[in-house]
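# Notes for the structure review
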Amino acid sequence: MLVQGNRVLFREADAALAGPEEAERLSLTGAEHFIGTLDGEQVWTTGVDDGAEAGEGWRFCDLFSVYGMADEEIWMAAGRAVQIIEWERVNQFCGSCGALNELVRAERAMRCPECGLMRFPQLSPAIITLVHRGDEVLLARSHRFPEGLYSALAGFVEPGETVEGALIREVEEEVGLRVTNLEYRGSQPWPFPNSLMLGFFAEYESGDIVLEEAEIAAADWFPVDALPNIPGPISIANRLITSWVARHGGG
């Protein structure tokens, strides 16, 4: 997987990955990193110079585009590739003493040869929560969302905080509600840029909707059979909402 910024090179005709011939033609940056296997073949990634142009029949695709043209396994591998190349790029120098870091071959790490500081790829854990009340669900709009699009509440886990504590805090901060009976529903790597989304259902306990206006543009209760526009299937938000609708017989 040849990565240029936040984009990965794919063949336009069939969404195939690049081979050695494309790697030789382009100006590469950084090291090569093993990221896993696809259909029994090893997949590696490396960076491509920002000024390099894809050859005829090839295209550098952002991760949203990749989801529509390839299966989920390839999309997840592409997300991993983009994150690893970005991790290498931003950790060229030691954050403690400023010396040039070295890539550790035996593990995924950058090490400072002067002070020994190790830098590993870092994830930012975040919770995403579908709050329910009877046959209604709470959905909200961020200011950055397109008009009419609503989703589940989400927020990052802070240092020293449990995932459950983050969920309760985020719901109360963003919409003024208290929740109970948390139900873990699954996770999703979210490479925008480096999150791990942890999905939950949570039952409404008390309170009235009071918006944190700096983050939330609108929020309301919606019956499961009369939902607004929701995120597409690329997002765990879609899976949370559609699975709750299926559980309660909505259409």
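Structure: above.
Since the structure is predicted, the reported quantities are computational estimates derived from the model, not experimental observations.

All right, on to the nonpolar core then. Within the largest apolar cluster, 42 residues are counted, with the highest numbers of intra-cluster contacts made by M1 and L130. The element best represented in this core is helix α3 (residues 72-90), accounting for nine residues. Apart from residues no more than four positions distant in its own chain, M1 is found in contact with V8, L17, I35, L38, V43, W44, T45, T46, I74, A77, A78 and A81. Core analysis: the next-biggest nonpolar cluster, separate from the first, contains 18 residues, A166, V175, F200 and A202 among them.

So, on to the sheet that holds strand β2 (residues 7-11). Strands belonging to one sheet form pairs held by backbone hydrogen bonds; the direction of such a pair is parallel or antiparallel. Across the sheet, five strands lie side by side as β3-β4-β1-β2-β5; this open sheet has mixed pairing. What marks the edges here is a single partner per strand, and that holds for β3 (28-38) and β5 (58-62). Mean inter-strand twist for the sheet, computed between neighbouring axes without regard to direction, equals 35°. Bridge count between β3 and strand β4 (residues 41-48): seven bridges; the pairing is antiparallel. The residue bridging L28 from the neighbouring strand is V48, located in β4. Where α3 meets the sheet, its contacts fall on β1 (2-4), β2, β3 and β4, and the angle it forms with β3 comes to roughly 150°.

The next thing to look at is the layout of surface pockets. In this structure, the largest pocket occupies an estimated 800 Å³ of space. Contributing to the lining of the largest pocket are 30 residues, with R144, F145, A154, W190 and M197 lying nearest its centre. Elements represented by at least two residues in the lining of the largest pocket include exactly β9 (124-133), β10 (136-142), β11 (153-156), α4 (163-175), β12 (178-190), β13 (195-206) and α5 (236-247). Looking at the lining of the largest pocket element by element, the count peaks at four residues for β11. In terms of residue class, the lining of the largest pocket is made up of 19 nonpolar, six polar and five charged. Estimates place the volume of the second largest pocket at around 620 Å³. Lining the second largest pocket are 29 residues, with G79, Q83, I84, P193 and N194 positioned closest to its centre. Contributions of two or more residues to the lining of the second largest pocket are made by α2 (63-69), α3 and β13. In terms of residues, the lining of the second largest pocket owes the most to one element, α3, which gives ten residues.

A separate point is the sheet that holds strand β7 (residues 109-111). Pairing within the open sheet is antiparallel, and its three strands lie in the order β6-β7-β8. With one partner strand each, in any of the chains shown, β6 (102-104) and β8 (118-119) form the two edges of the open sheet. Two elements, β6 and β7, share three bridges in a ladder whose sense is antiparallel. Bridge pairing in β7 places E102 opposite R111.

On to the packing of aromatic side chains. This model, assessed by the stated rule, comprises ten aromatic pairs. Judged by centre distance (5.2 Å) and plane angle (70°), the ring pair of Y150 and F222 falls under edge-to-face. With a gap of 72 residues between them, Y150 in the loop between β10 and β11 and F222 in strand β14 (residues 216-223) connect regions that are remote in the sequence. An aromatic cluster of at least three residues, connected via ring pairs, comprises F64, Y67, W75, W190 and F192.

Among the structural elements, H132 can be located in strand β9. If we skip the residues at most four places from it in the chain, H132 touches V137, F201, A202, E203, Y204, W221 and W244.

In this model α3 runs 27 Å from its N-terminal to its C-terminal C-alpha over 19 residues, within 8% of the 27 Å that 1.5 Å per residue would give. Where α3 begins, one side-chain oxygen reaches toward the backbone nitrogen of E73, 3.2 Å away; that side chain belongs to D71.

With that settled, the discussion passes to the pattern of salt bridges. A complete count under the given rule lists 15 salt bridges for this structure. In this structure, E147 and R141 form a salt bridge, with 3.9 Å as the shortest nitrogen-oxygen distance. Under the relative-accessibility criterion, E147 is labelled exposed at 72%. Taking the shortest distance from any N to any O, the salt bridge between R169 and E158 comes out at 3.7 Å. Of this pair, R169 sits in helix α4 while E158 sits in the loop between β11 and α4; the two residues are eleven residues apart in sequence, bridging distant segments of the chain. Residue classification places E158 among the partly exposed residues on the basis of a relative accessible area of 44%.

Cut-offs and rules
Residues numbered from 1 in each chain as written. Predicted model: local features only at pLDDT ≥ 70, side-chain atom pairs only at ≥ 80, totals over all residues. Heavy atoms only, no water. Core = buried A, V, L, I, M, F, W, Y, C linked by side-chain atoms within 4.5 Å. Buried < 20%, exposed > 50% of the residue type's maximum accessible area, 1.4 Å probe, protein only. Helix = DSSP H or I, 4+ residues; strand = E, 2+ residues; numbered from the N terminus. Contact = heavy atoms within 4.5 Å. Pairing = 2+ DSSP bridges. Axes fitted to C-alpha atoms, helices over the stretch in contact; angles between N-to-C directions. 1 Å grid on protein atoms, 1.4 Å probe; cavity = no way out; pocket = protein on both sides within 12 Å on 5 of 7 lines; lining within 4 Å. Points joined across faces, edges and corners; volume = space filled by probe spheres on them. Nonpolar A, V, L, I, M, F, W, Y, C, P; charged D, E, K, R; others polar. Phe/Tyr/Trp six-rings, centres within 6.5 Å; stacked < 30°, edge-to-face > 60°. Expected span 1.5 Å × (residues − 1). Polar contact = N/O pair within 3.5 Å; in protein donor to acceptor, adjacent residues only side chain to side chain. Salt bridge = Lys/Arg side-chain N within 4 Å of Asp/Glu carboxyl O.

Purely geometric numbers; function is a separate question.
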